[in-house]
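# Coordinate inspection notes
Each chain, letter by letter, is given below.
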Amino acid sequence: DIARILQSLSEKAKCNIPSNMSEFGPEKETDINAVLAEVEESLKQNTKYSKDTQTKRLSQQSAEGIQKKSNKTQHLYRQMCYLEKELSLKGLSSFPSPQSFDNARQQVQRIKSFLEDQLSACSHVHQDEPKYEKFIPEHGSSSDGGQKKKPKRRGVLPWWFVFVGWLLIIGTSFVSGYFTMLYGLKFGKERSISWLVSMIVSFFQSLLFIQPLKVICLAVFFAMVIKKVDEEDFENVAFERSERNSGENKNQQISHLYEPPPPADIERMKRNKIMTQKAFALLNEILIYIGFMWMLLLVAYGQRDPNAFFLKQHIRNSFAAHVPDSMTLQDVFTWANTTLLQNLFGEYPGFITDGNSKLVGNARLRHLRVKQNSCQIARLMLPLVSGCHAPYSWEIEDKGSYEPGWNHSVKDNISASASSPWTYQTEAKLRTIPIWGRLVLYRGGGFVAELGPDFQNASSTLDYLFHSKWLDEFTRAIFVEFTVYNANVNLFCIVTLLMETSAVGAFQFHSELHTIGLYPSTGGLYFFVMAAEIIYLLFILYYMFKQAKLLTQHRWVYFKNKWNLLELSIILLSWSAVAVFIQRTLLGHRDITYYQNHKDQFASFYETATADSVLQYLVAFLVLLSTVKLWHLLRLNPKMNLITAALHRAWNDISSFLLIILIILVAYAIASNGIYGWKLSSYKTFIDSLLTIISLQLGIFNYDEVLDSNPVLGGLLFGSCIVFMTFVVLNLFISVILVSLQMEQMYHKPSEEEEIVDLLLNKLCNLFGIRYKSKKEPMEPDAEGSSNFNLNNSKNTLTNSSADANIYQKSEN
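Residues numbered from 1 in each chain as written. Predicted model: local features only at pLDDT ≥ 70, side-chain atom pairs only at ≥ 80, totals over all residues. Heavy atoms only, no water.

### Quick word on the packing of helix α7 (residues 263-302) against helix α14 (residues 606-634)
For clarity, the threshold we go by: To obtain each axis, a line is fitted to C-alpha atoms, and for helices this fit is confined to the stretch in contact; angles are then taken between N-to-C directions over 0 to 180 degrees. A helix here means a DSSP run of H or I that spans at least four residues, while a strand means a run of E at least two residues long, and both kinds are numbered starting from the N terminus. When describing relative orientation, an angle under 35 degrees is termed roughly parallel and one over 145 degrees roughly antiparallel, while 65 to 115 degrees is termed roughly perpendicular and anything else oblique. By definition, turning the near helix anticlockwise from the far helix through less than a right angle yields a left-handed crossing, and turning it clockwise yields a right-handed one. Contacts are assigned to residue pairs with any non-hydrogen atoms lying within 4.5 Å of each other. Three categories are distinguished: nonpolar for Ala, Val, Leu, Ile, Met, Phe, Trp, Tyr, Cys and Pro, charged for Asp, Glu, Lys and Arg, and polar for the others, with Gly belonging to the last.
For the pair α7 and α14, the least separation of the axes is 11 Å and the interaxial angle reads 160°. Overall, the two elements α7 and α14 adopt an arrangement that is roughly antiparallel. Note that α7 runs across α14; the crossing there is left-handed. Between α7, through Glu-285, Ile-286, Tyr-289, Phe-292, Met-293, Leu-296, Leu-297 and Ala-300, and α14, the contact on the second element is made entirely by Val-619, Leu-622, Val-623, Ser-626, Thr-627, Lys-629, Leu-630, His-632 and Leu-633. For the contact of α7 with α14, a count of residues per class yields 12 nonpolar, 3 polar and 2 charged.

The following block contains the structure:
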């Protein structure tokens, strides 16, 4: 170290290194006293050289040069202090004799004293030299009394100009408001509101976007172009004189040499740095997820048109009005000749009765039959019953080909026309899909009769089918199918009117309508939704990359985290929705092309409607899972974190009570189905009965139908259900959760994320200039320079419990 200092001094003095300098080195034995003598001699030469140079360039030297010289002298002084410390640590054991050790310490002290004199000289030159005052900022001068005079401010208005400024602001506001009112009266209400909205939008656009962007650009410009980078100076370190020279310079300022912070403070700063990084990572996660949810909701609600509900309601009310609860075959034909035809063919050709919805292709009738003698008759009833016809099922469905009147053809299927209403057609040929009714799932094929393009053809077709007994006792389901397009709302509506029977002879009416938009919107909303879809896909790619990285790091442990599984489910559902969206687009284009080429036939859009329904379900589940994921972000709230921990603590008891509740609900559902299933529609099946019992717990129940049927038995059954479920089981269930919540409040350990959230809120409030009061106690420095948390509140709350006393003792340690 001493050799390095000597080398630096020789280079500074621009003189040759002494001849014995080559003997200094780590590999050779070196006399430290000789080396220190060389350092002292080099310092003197350096000082002499600096004085000669300074006298030659005194007129050109500035205060900046003097300050740099003082900084370098301070740096050398710090090195000497370091050497003195090392000498004291080495001790006499590292020296050949005690005299050599004493000489080395004295030489170091002489060098320090010499440097202190140099520092004092630089300080006097810096303060007393009058010719450099113009280069030094004027911070105030000292008077005889030792007090600083307050510097005079030039070019500043008097204090009373504050009132002038406020008067100008108030006057400008009144004048602007007056002229704004006059122009508003002249423009009218609509133009005034438009002008006001544009002004507000412009104001917030300037406040939140344009002006901050200008400030950032100007700051970058001044920082990178205009502002000059100063040369890095040495640290301004204050020095402490030795005791032997303290009497000579009593008037000089005495301070302490810089010392590194204590290790406890360093660890605390490291922890704060890590917490800050985690806080910003958490903020980044929250902002990204908010953007993801925003795009998902835009995609979900951008595909839905509010007019779809009104279109479905209008068409359903038109064709299902005044339909009886049960119909015979005669009632079916009566309904078809009156309500169906009157609403299907309106005043304008090709449009239904509302005049706005156009028929896409022709409407058609399709019915499904069962085979003759499709069930077995009891032996005792054979003399009384000639035949038996079972309810509909795929196994006994009639798929034959007949002549008019359901007579068997001699040539069987060869002579039958493919488009005849007496010939069975498959669902592939009809381009339909199986349809769920209220009783059973019906196949997409059947016997089909098209009604034609106008009222006359449809009426004659119905008369022919009625007189030919196209519908008879073997008919199990009748479908009326057609599609309309409403150009006002740009929507297709696929209509299916179903009448089905369970072989008892009465037909029940049921309608199923599905609206779909196959043509893109012509407004600006279409491009906005398209942009949202593209951004949503970018979010999905980002989350895929993130989850792939986690999967690579954790391997099979990745699948044990429920939040990872939730994230994986969202990704899979998103790509499934993308695939179904592409399929729906292709199917819609195919169906529209088929209609344009076959306008005189029925245009089937069933596959497109099914794909659209699947897409709706996928998007709905996406919104559901993404909303559930918000629970993971709500863990940052201390109360939500407490509730989650309480539910996790009580999960064993909760699962037991859920099992008990399920058993009770199933028991009452079976009992009510057995008692009322034969006469009340709410209990006709086990599923209906179970739903009715669940609705009873929610307060949705029809007491009259039960009490009218059997007052005593009904009151006993459902009264006991209310008592057991509402007053016993559910109250015990809630009590278990409350007890777990109370226990969690006693032994709850705050997570690290609560501290991160507190730090994040503190930084955000500081960013907007808002004073934020932290819920945690501030840290106070102790006598050793480290910082500990204030535990007064912990002492007041934790000393009452022996279990919590251990927690307090650990935190205090």
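What follows picks up the thread again.
### Re a nonpolar patch on the surface
Filter applied, for reference: What makes a patch is a set of residues exposed beyond 30% relative accessible area and free of salt bridges, joined within 9 Å when like-charged and within 5 Å when nonpolar (Val, Leu, Ile, Met, Phe, Trp, Tyr). Only the protein chains shown count as cover for residues, with accessible areas throughout obtained via the Shrake-Rupley method and a probe of 1.4 Å. Salt-bridge detection follows one rule: a side-chain nitrogen of Lys or Arg within 4 Å of a carboxyl oxygen of Asp or Glu.
On the surface, a nonpolar cluster with roughly 1400 Å² of combined accessible area is contributed by Leu-157, Trp-159, Trp-160, Phe-161, Val-162, Phe-163, Val-164, Trp-166, Leu-168, Ile-169, Ile-170 and Phe-174. On the secondary structure map, Val-162 appears in helix α5 (residues 161-187).

### Describing the side chain of His-367
With respect to the helices and strands, the residue His-367 is situated in strand β2 (residues 363-369). Here His-367 is in contact with Trp-406, Gly-446, Phe-447, Trp-470, Leu-471, Thr-475, Ala-477 and Ile-478, once residues within four sequence places are set aside.

### A look at the UniProt feature "transmembrane region" (unreviewed entry) in the chain
As a reminder, the rule being used: UniProt positions are given in the numbering used here, feature names are shortened, and annotations may be inferred rather than shown by experiment.
Summarizing the sequence annotation, UniProt attributes the feature "transmembrane region" (unreviewed entry) to residues 157-181, 193-226, 279-301, 525-545, 565-582, 614-634, 654-676 and 716-741 in the numbering used throughout. From the first C-alpha to the last, residues 279-301 spans 33 Å; its make-up is 100% helix and 0% strand. In this annotation, residues 565-582 is assigned 100% helix and 0% strand; the end-to-end C-alpha distance for the span is 26 Å.

### So, the environment of Val-628
Summarising the element assignment, Val-628 is placed in helix α14. For Val-628 and Trp-563, which are 65 residues apart along the polypeptide, the C-alpha to C-alpha distance reads 10.0 Å.

### A few points about the pattern of salt bridges
Put simply, the test is: Three exposure classes are used, based on accessible area relative to the maximum for each residue type with a 1.4 Å probe and protein chains only: buried under 20%, partly exposed in between, and exposed over 50%.
On inspection of all chains with the given rule, the structure shows 13 salt bridges. Arg-369 is paired through a salt bridge with Asp-472; the nearest N and O atoms lie 2.6 Å apart. Here Asp-472 lies in the loop between α11 (455-467) and β9 (475-486) and Arg-369 lies in strand β2, a separation of 103 residues in the sequence. Like Arg-369, the residue Asp-472 is buried in the burial classification. Glu-607 is paired through a salt bridge with Arg-590; the nearest N and O atoms lie 3.1 Å apart. Separated by 17 residues along the polypeptide, Glu-607 in helix α14 and Arg-590 in helix α13 (residues 562-597) bring together distant segments of the chain. Exposure remark for Glu-607: the relative accessible area of 28% places this residue in the partly exposed category.

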